[in-house]
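# What the coordinates show
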Amino acid sequence: MGGTEGKVSGKVIVDGSSTVEPISKNVEEKIRGKYPELQVLVNKSGTGGGFTKFAAKEIEIATASRPIEQEEIDKGKTGGVEFIELPIAYDGLSVVVPKENTFATSLTLDELKKIWSPDSKLASWKDVRAGFPDVALKLYGPDTQSGTFDYFTEAINGKKGASRKDYEQSADDEVLVRGVSGDKGGLGYFGYAYYEAHKDKLNVVAIDSGKGAIAPSAETIGDGTYSPLSRPLFLYVRKDVADRPDVKTLVEFFLSDEGQASVKDEGYVPLTADEIKLVRERFTKGVTGSMFGGKPAVGVKLKDLLGKLEGAK
Amino acid sequence: MSTLNPLHTTPKTLSNLARRRAVEKAFAFVCLAATCLGLLLLVVLLWGVFQDGIHWVNANFLTNFGSRTATRAGIKAGLYGTIWVIGFTGLLAIPIGIAAAIYLEEMAPKNRLTEFLQTNIANLAGVPSIVYGLLGLAVFVHFLKFGQSVLSGALTMSLLILPTVILTTQEALRAVPSSLREASYGLGATQWQTIRHQVVPAAFSGIITGIILSLSRAIGETAPLITIGAFSSISRVPERLQSEFTVLPILIFNWTTDTKEGFKNVAAATIIVLLGVLLAMNSLAIYLRYRRRTL
Amino acid sequence: MTGAGQTLQSNRRIFQKRYEAAIRIVCLLCALVSVLTTLAIILTLAGQAGRFFSKVSPLAFFTGTDWSPTFSDAKFGVLPLINGTLLITVGSGLFALPLGLLSAIYLSEYASPRARNILKPGLELLAGIPTVVYGYFGVMFVTPLLKKLLPNMGFGEFNAASGAIVVGIMILPLVSSLCEDALSAVPRALREGAYGLGATKAEVALKIVVPAALSGIMAAYILALSRAIGETMAVSLAAGSRPRMTLNPAESIQTMTSYIVQASKGDPPRESAAYGSLFAVALSLFVITLIMNILAAKFVKKYRNVYD
């Protein structure tokens, strides 16, 4: 760990994904005690909102639940902002129903698409699959600034942002938890951590992508069998501030064992020992550019990308 | 005239009378019930909040910052933030408001311009607080580049409560009998001397009441400050006007939406603290007002 | 008085006059701050909304029934938000307006001075409870109660009824207080005349006082409803974030105010239509509450004039 313990001071703003926010908050709480002069402000403007502020140099670290897009990379370039992309965790985007829903234990990708596609007018569970009861379908999901929204629509509907509009939107996943758990016909989606924290109110739906229904768990997310909804979570650090002692200390803390413990605490899946070593190298060497080439991460294996340290620009 | 029936009551009027009396009793009951219903509902709801939160209010609660764990969460950031923001709001709004009220009530000629000023202030008092929030966002945060700071928050809240301060001060000044002013003029005092040494001191408790009521409105306001920019997690108390901040109502809002175990109790506990402060302030205002009436 | 003494006196007078003139100017400037504020509000709202309306047709805005400004195929029909606001406002009015008037009648016609001295401050204390606390009430108490009492209406975790009920409770003290002011302004002579003719209290209240105070009561109603329209936090917490056209109180909706809070939290990029939509909605809200406040003031003037 870098920095003389206790002596680092400064202010770092971490903004972006509401999925990553629990990890950021957990890390912030831990770091409070170690470095009292280091002020970390956490916000959740959404993955999209975070990137906008990042490109405008308003924040030092942007968190994201999907890779940065070409459009966002370009916007940063015009402002002279370069970034270091650091995956810090795996998440299994979870589809949830309330505890009292005992019939929807699994759904196929086609069924999910039927429910969520832009022109879908499905109003009852019985239309989703024959044999389901006639309960009104009440949908909950993130708003359009959310990386989770981007990732889900890309994975399920094939196009980022393509979604039916008549659902209860919130940038606040807690609101979605409350909504789904209180509604008999509720169906929603968000990061695994929010399901983990509320297992008493929610049932998670196993996803069948053709190879049998797989439910998200630490194992299935970590080895990628929970697909296509397994995804990496990211920190994006501005290259021009990466050497500042306060930023450096915070990022190294995120990537440390304690930081990875925070990932686990919050219900996400930490990277493997090899993977985290590669990510730490990425930061120390200050490798810029995105490994995903400005494109979505659905179906891409992180391990292979990390191996190529240079990454695309 | 029959002495047995001096009021000429026929059977019809007697039964009519009985009916009217019954209606009267029923109506009185309905009115009383209506008055009590509202009060009762609120007592029930407040009792619910009290039960949810009272066991969570302790010294740690007041001195801790927020946390991912409900039992460790505290309101220090919000407490200090509220004090900073409302403190500066008062510093700005009170002098300007009182001066404006003095102008309108004591100095202004009775012409169209004054009428326009008066109407404008009354209208501003009715503008929803969220509009002030947007105003603050566009003007203070972005245009003047004060950012998401205590300064932006205080400026926005000052604009919000200024109409109320002006109107309540005017009311207090108006209540001062004109005989007082006339006596002062009669002794050769100038207008300002009269205002400064006679009218304002006489209206003092009314003015203070108005200030307390305006500030307690500001303390409870959430929407404009959320719009200005509240961080979802802040673990510092403000150190300068440019510092980021959060306030108690925003903490309540965040924790109410948090469905994790225990956070609804934390929200309730924060509500208890906030209501406690407001109760103290409003009780003071009401006491001052009713004391003045009986003097 | 000597010559020197006279000059001293007149010097002091001149200084005093200039000093007072300066103070007068300062006070005038302070009063003008309010004008500045109004200008700033109008310029900010109209400016941004104007830019928005150059991209989105006003007709589509005011008549469209699909409000989805942040989607890629964004639609900007504001009617769902107005629907939501109306549902909450009307709902809260149905609760607060009759009850408020009845309790005002009690306070002004029936209550003993001692009872009044306790009840009136009590009501004012309740009026001071912050709106975010009402939001807490709505989510934690009202919604579960509604679900338990009326299970087959299908109340979701967020619903319009919960919002309307807590806003109704919130504006009740306001209605009561303003109505009571209006009723108290009716001259005693009118009441005494009626009592002299043998009327009961109920008859006096309903047939004499209320009609006499009618424009004051109207003003009170309009002001209270205007407050309900501008209410943000309670509905943000309890009523949901789902803009839609519906009259079903069990469903979640979104009001104009809660959209503004939600959208400004997300901090949309400044050139986007979504950012402009914020101000277009705020402008609509501002105009609506302004019209209502002006109407209310007209009513107040009317009833003041009748009895002065």
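Residues numbered from 1 in each chain as written. Chains lettered and ligands numbered in written order. Predicted model: local features only at pLDDT ≥ 70, side-chain atom pairs only at ≥ 80, totals over all residues.

One face of the sheet, then the other: side chains in a regular strand alternate in exactly this way. Residues and elements named next belong to chain A. Among the six residues of strand S2 (residues 38-43), six are classified as buried, and the element is accordingly described as predominantly covered. Judged by which residues are buried, S2 turns out to be covered on both faces: Leu38, Val40 and Val42 on one side and Gln39, Leu41 and Asn43 on the other are all buried. Pairing analysis gives six bridges linking strand S1 (residues 10-16) to S2, with the strands arranged parallel. Within the sheet, the bridge partner assigned to Val14 lies in S2 and is Val42. (Buried ≥ 20, exposed ≤ 12 C-beta atoms within 10 Å, placed from the backbone. Helix = DSSP H or I, 4+ residues; strand = E, 2+ residues; numbered from the N terminus. Pairing = 2+ DSSP bridges.)

Right, let's talk about the sheet that holds strand S12 (residues 213-214) of chain A for a bit. Residues and elements named next belong to chain A. Strand order across the open sheet formed by three strands is S6-S11-S12, with mixed pairing between neighbours. On the outer flanks of this sheet lie strand S6 (106-108) and S12, each paired with one strand and no other. On top of the sheet, helix H4 (residues 109-116) reaches S6 and strand S11 (206-208); it is set at about 80° to S6, its chief contact. (Contact = placed C-beta atoms within 7 Å. Axes fitted to C-alpha atoms, helices over the stretch in contact; angles between N-to-C directions.)

Attention shifts here to the interface of chain C and chain B. Listed by partner, the interface residues are 67 residues for chain C and 69 residues for chain B. At 17 residues, the largest contribution of residues to the side of chain C that touches chain B is made by helix H1 (residues 3-55) of chain C. Taken together, the residues of the side of chain C that touches chain B sort by class into 45 nonpolar, 17 polar and five charged. (Nonpolar A, V, L, I, M, F, W, Y, C, P; charged D, E, K, R; others polar.)

All names here are of chain C. Look at helix H7 (residues 188-196) against helix H8 (residues 201-212): their axes get within 10 Å of each other, and the N-to-C directions meet at 155°. Classed by the angle they form, the pair H7 and H8 counts as roughly antiparallel. When you trace H7 past H8, the crossing you get is right-handed. Judged by residue contacts, Leu190, Arg191, Ala194 and Tyr195 of H7 engage Val204, Ile208, Val209 and Ala212 from H8. In the contact of H7 with H8, the residues fall into seven nonpolar, no polar and one charged. (Parallel < 35°, antiparallel > 145°, perpendicular 65-115°, else oblique. Left-handed = near helix turned anticlockwise from the far one by under 90°.)

With respect to the helices and strands, the residue Glu100 of chain A is situated in the loop between strand S5 (94-98) and S6. Along the chain, Glu100 of chain A and Val263 of chain A lie 163 residues apart, while their C-alpha atoms are 29 Å from each other.

Once that is clear, we can look at the nonpolar core. Counting residues in hydrophobic clusters, the biggest one holds 186 residues, and the most contacted among them are Ala100 of chain B together with Tyr136, Val175, Ala224 and Ala282 of chain C. Broken down by element, the residue count for this core peaks at 16 residues, all from helix H6 (residues 160-184) of chain C. Setting aside residues no more than four positions away along its own chain, Ala100 of chain B makes contact with Ile166 of chain B together with Cys27, Cys30, Ala31, Val33 and Ser34 of chain C. The next biggest cluster of nonpolar side chains, apart from the first, holds 82 residues, and it includes Val8, Phe149, Leu187 and Val251 of chain A. (Core = buried A, V, L, I, M, F, W, Y, C linked by C-beta atoms within 7 Å.)

Let's shift gears to the domain arrangement of chain C. All names here are of chain C. Taken domain by domain, chain C holds domain 1 (3-55) and domain 2 (67-307). Between the C-alpha centres of domain 1 and domain 2 there is a distance of 36 Å. Listed as interface residues are nine residues of domain 1 and, on the opposing side, eight residues of domain 2. Here the side of domain 1 that touches domain 2 is built from residues that sort into six nonpolar, one polar and two charged. (Domains from an automatic or database assignment.)

Another point: the domain arrangement of chain A. It is common to give the size of an interface as the accessible area lost on bringing the parts into contact. Residue and element names in this part refer to chain A. Along its sequence, chain A is carved into domain 1 (10-91 + 232-307) and domain 2 (94-215). With centres defined by C-alpha atoms, the gap from domain 1 to domain 2 works out at 27 Å. Each side of the interface is counted separately: domain 1 has 19 residues, and domain 2 has 18 residues. Examining the composition of the side of domain 1 that touches domain 2, we find that four residues originate from one element, helix H2 (residues 46-55), more than from any other.

Let's shift gears to unusual backbone geometry. Trans peptide bonds make up the majority, and among non-glycine residues the majority have a negative phi. Across the junction of Ser227 of chain A and Pro228 of chain A, the peptide omega takes the value 0°, indicating a cis bond. With respect to the helices and strands, the residue Pro228 of chain A is situated in the loop between helix H8 (218-222) and strand S13 (230-238). Residue Lys145 of chain B is not a glycine yet carries a positive backbone phi of 60°. Inspection of the secondary structure puts Lys145 of chain B in the loop between helix H5 (129-143) and helix H6 (150-174).

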